[in-house]
Amino acid sequence: MTLAGTTAPREVRAAAQRPGGVRPLGPRERAALRRFTRITGPNWATGRHLIPALQRFSSPSGVVLDIGCGQSPFREFFPATLYAGFDLNRSGAADIIADIRAVPVRTGIADVVLMFHVLGDVDEPTHALRELRRILRPGGRALILESTCYPPHDLPYDFFRFMPNGLAALAAREGLRVTAVTPLGGLFTRIASLVNNYLLGRFVVIRGIGGIARVGVAMVNIVSALGDRIARAESLSESYLAELGHAS
């Protein structure tokens, strides 16, 4: 299998040759996933909505390109024929180091394109959406995970927050159409994410009090789940998952 008209890099060829096309998660990738799946994880409140959504969208075959993949924590939810992660950062789980605005693959290769918490970190998001449309085959799907209110992070590479309607407007200019938007929780999920990541999360790594901090994270997560069940306000959710496809 080739990605850019030439032989794919060794890491991608190896992934394509494994049953299911997805290499097992490494220790760092599993640690990143546990932040979303364990009750003591700082992102569990979001993960309890995100993971079921990813399982619904999961593609059993084809080519999945994870753009801006970071640690690729959600790789196992896409058991594709070929799964390739792209990122500028060599410290992550990327198979290929590349710029999101110039992904080194041929046009129309991808059945699924993932962009998770990426678009807001690009200074020219319309260029990124244009590239997304180029690599996505007609009839393919793109999944974009974005936050509407997350505090500044990864500075200086943090530029925008996109409301769902704003994303839809930008996508339409580049020949893409948002076909579904899944809010990930409500007001209490937003509060839990902020408290766990920017307050309690700082104490988890400190020896002697890390265990106590993890208990605190779990309690915040439980309260957030109960709060959203009693008074769920999806318009106040911190993040959402959008599905896109070609406009025509």
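Residues numbered from 1 in each chain as written. Predicted model: local features only at pLDDT ≥ 70, side-chain atom pairs only at ≥ 80, totals over all residues. Heavy atoms only, no water.

On to helix 5 (residues 164-173). Along helix 5, the residues that are buried comprise Leu 167, Leu 170 and Ala 171. Each buried residue of helix 5 lies within a common arc of 100° when the element is viewed along its axis, so the set occupies one face. Projecting away from the buried face of helix 5 at angles above 90 degrees are the exposed residues Asn 165, Ala 172 and Arg 173. For helix 5, the secondary structure elements touched by its buried residues are helix 4 (125-135), strand 5 (136-147), strand 6 (176-183) and strand 7 (239-246). Just beyond helix 5, the residue with positive phi is Gly 175, at close to 80°. (Buried < 20%, exposed > 50% of the residue type's maximum accessible area, 1.4 Å probe, protein only. Helix = DSSP H or I, 4+ residues; strand = E, 2+ residues; numbered from the N terminus. Arc of directions from axis to C-beta. Contact = heavy atoms within 4.5 Å.)

It is worth spelling out the side chain of Asn 197 at this point. If you trace the backbone, Asn 197 turns up in helix 6 (residues 187-204). With a relative accessible area of 16%, Asn 197 lands in the buried category. A polar contact is formed between the side chain of Asn 197 and the side chain of Arg 35, at a distance of 3.0 Å. From its side chain, Asn 197 meets the backbone oxygen of Ser 193 in a polar contact 2.9 Å long. Not counting chain neighbours up to four residues away, the residues in contact with Asn 197 comprise Arg 35, Pro 42, Asn 43 and Tyr 150. (Polar contact = N/O pair within 3.5 Å; in protein donor to acceptor, adjacent residues only side chain to side chain.)

A grouping of Leu 199, Phe 203, Val 205, Ile 206 and Ile 209 is seen on the molecular surface, where their side chains present a nonpolar patch of about 450 Å² in accessible area. Along the polypeptide, Leu 199 turns up in helix 6. Owing to a relative accessible area of 47%, Leu 199 belongs among the partly exposed residues under this scheme. (Patch = residues over 30% accessible without salt bridge, like charges linked within 9 Å, V, L, I, M, F, W, Y side chains within 5 Å. Areas by Shrake-Rupley, 256 points an atom, 1.4 Å probe, with all protein chains shown as cover. Salt bridge = Lys/Arg side-chain N within 4 Å of Asp/Glu carboxyl O.)

Right, let's get into the environment of Val 64. Mapped onto the fold, Val 64 is located in strand 1 (residues 63-67). Sequence separation between Val 64 and Tyr 83 is 19 residues, and the spatial gap between their C-alpha atoms is 4.8 Å.

What the rule picks out here adds up to 5 aromatic pairs. Seen in terms of ring centroids, Tyr 150 and Tyr 198 are 5.6 Å apart; in terms of plane orientation they differ by 65°. Their pairing is edge-to-face. Note that Tyr 150 is positioned in the loop between strand 5 and helix 5 and Tyr 198 in helix 6, a separation of 48 residues in sequence. Judged by relative accessible area, Tyr 150 falls into the partly exposed class, the value being 21%. Arranged with centres 6.3 Å apart and planes meeting at 40°, the rings of Phe 159 and Phe 160 form a pair that is tilted. Residue classification places Phe 160 among the partly exposed residues on the basis of a relative accessible area of 35%. (Phe/Tyr/Trp six-rings, centres within 6.5 Å; stacked < 30°, edge-to-face > 60°.)

Everything listed here is a matter of geometry and, on its own, says nothing about what the molecule does.
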